[in-house]
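The primary structure of each chain is shown beneath.
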Amino acid sequence: MSDNLFLEVQPEVFKQVPRLKDGFLLTLNDGSNQFSSAEGCCMIGDHFLLVSTQHYIPAYDLTIPCEEATVKTSEYDTTFINGHLVLEVTPSNQTIRLKNESGILDSNVQVYFDSSDAS
């Protein structure tokens, strides 16, 4: 994992999805994992997913430095994320977007709720 990787989560994201405060996974929504809605599709590295879960999932054993929440990711996912990442709500359409110094990585990050978590 890159030494300069850091995630900042804007307060508006937590207002929109309060459960993310309890921790989440940042992963690709490209058909490469069990949470992806892109079944049978290969959208390499341009769609992301926030997975609200309180369970340890072995593939997601890397922690992304983040002051606002515990954020995990996988080695595979780090191929597509680097730098100072920011999750924010887009004012015009209220979607969650992920960006870094290079620009917008995903303008419509999806949220997945782990059904095995209570609440």
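Above: the structure in question.
Here's a quick rundown of the structure. Predicted model, so just to flag it, every value in this text is computed and none were measured.

### Some thoughts on the overall build of the protein chain
Thinking step 1. When you go through the protein chain residue by residue, the secondary structure sums to 1 helix and 8 strands.
Thinking step 2. The secondary structure elements of the protein chain, listed N-terminal to C-terminal, are β-α-β-β-β-β-β-β-β.
Thinking step 3. The buried share of the protein chain, reckoned over its 119 residues, is 45%.
Thinking step 4. Expressed as a percentage of contacts within the protein chain between residues at least 6 apart in sequence, the contacts between residues at least 24 apart total 58%.

### Side note on the pairing of strand β3 (residues 48-52)
Thinking step 1. The buried fraction of β3 is high, at 5 of 5 residues.
Thinking step 2. Here β3 shows a buried face lined by F48, L50 and S52 and a second buried face lined by L49 and V51.
Thinking step 3. Pairing of strand β2 (residues 24-28) with β3, which is carried by 5 bridges, proceeds in the antiparallel orientation. Paired with L25 across the strands is V51, a residue of β3.
Thinking step 4. Across 4 bridges, β3 lies against strand β8 (residues 103-113) in parallel orientation. What sits directly across from L49, in β8, is Q110.

### Re the pattern of salt bridges
Thinking step 1. One pass over the structure, following the stated rule, counts 2 salt bridges.
Thinking step 2. Note that R97 is salt-bridged to E88, the shortest N-O span being 2.5 Å.
Thinking step 3. One continuous salt-bridge network, built from bridges that share partners, spans E88, R97 and K99.

### Some words on the side chain of S74
Thinking step 1. Its place among the elements puts S74 in the loop between β5 (71-73) and β6 (84-89).
Thinking step 2. Using a relative accessible area of 8% as the deciding quantity, one classes S74 as buried.
Thinking step 3. A distance of 2.8 Å separates a polar atom in the side chain of S74 from a polar atom in the side chain of D77.
Thinking step 4. With near-sequence residues (within four places) excluded, S74 lies in contact with A59, Y60 and L62.

### What to know about the sheet that holds β6
Thinking step 1. Here 8 strands make up an open sheet; going across it, the order is β1-β6-β7-β8-β3-β2-β5-β4 and the pairing mixed. At either end of the open sheet lies a strand with only one pairing partner, and these are β1 (6-9) and β4 (62-64). For this sheet the average axis-to-axis angle between neighbouring strands, irrespective of direction, equals 30 degrees.

### Some words on the nonpolar core
Soluble globular proteins: nonpolar side chains tend toward being buried together.
Thinking step 1. L7, F24, L26 and L87 are the most contacted members of the largest nonpolar core, which totals 23 residues.
Thinking step 2. Those residues in contact with L87, other than ones at most four positions away along the chain, are L7, E8, V9, Q10, V13, F24, L50, I96, R97, L98 and V109.
Thinking step 3. F35, L49, I57 and Y60 belong to the second-largest nonpolar core, a separate cluster that totals 6 residues.

### Structural notes on the side chain of D77
Thinking step 1. For D77, the location among the structural elements is in the loop between β5 and β6.
Thinking step 2. The buried charged residue D77 lacks any salt bridge partner; its closest oppositely charged side chain belongs to K72, at an N-O distance of 13 Å.
Thinking step 3. In terms of polar contacts, D77 uses its side chain to reach the backbone amide nitrogen of L28, at 3.2 Å.
Thinking step 4. With residues up to four places along the chain from it excluded, the contact list for D77 reads L26, T27, L28 and Y60.

Each value, and the rule that gives it
- Residues numbered from 1 in each chain as written.
- Predicted model: local features only at pLDDT ≥ 70, side-chain atom pairs only at ≥ 80, totals over all residues.
- Heavy atoms only, no water.
- Helix = DSSP H or I, 4+ residues; strand = E, 2+ residues; numbered from the N terminus.
- Buried < 20%, exposed > 50% of the residue type's maximum accessible area, 1.4 Å probe, protein only.
- Contact = heavy atoms within 4.5 Å.
- Pairing = 2+ DSSP bridges.
- Salt bridge = Lys/Arg side-chain N within 4 Å of Asp/Glu carboxyl O.
- Polar contact = N/O pair within 3.5 Å; in protein donor to acceptor, adjacent residues only side chain to side chain.
- Axes fitted to C-alpha atoms, helices over the stretch in contact; angles between N-to-C directions.
- Core = buried A, V, L, I, M, F, W, Y, C linked by side-chain atoms within 4.5 Å.
- Lys, Arg positive; Asp, Glu negative; His and termini not counted.

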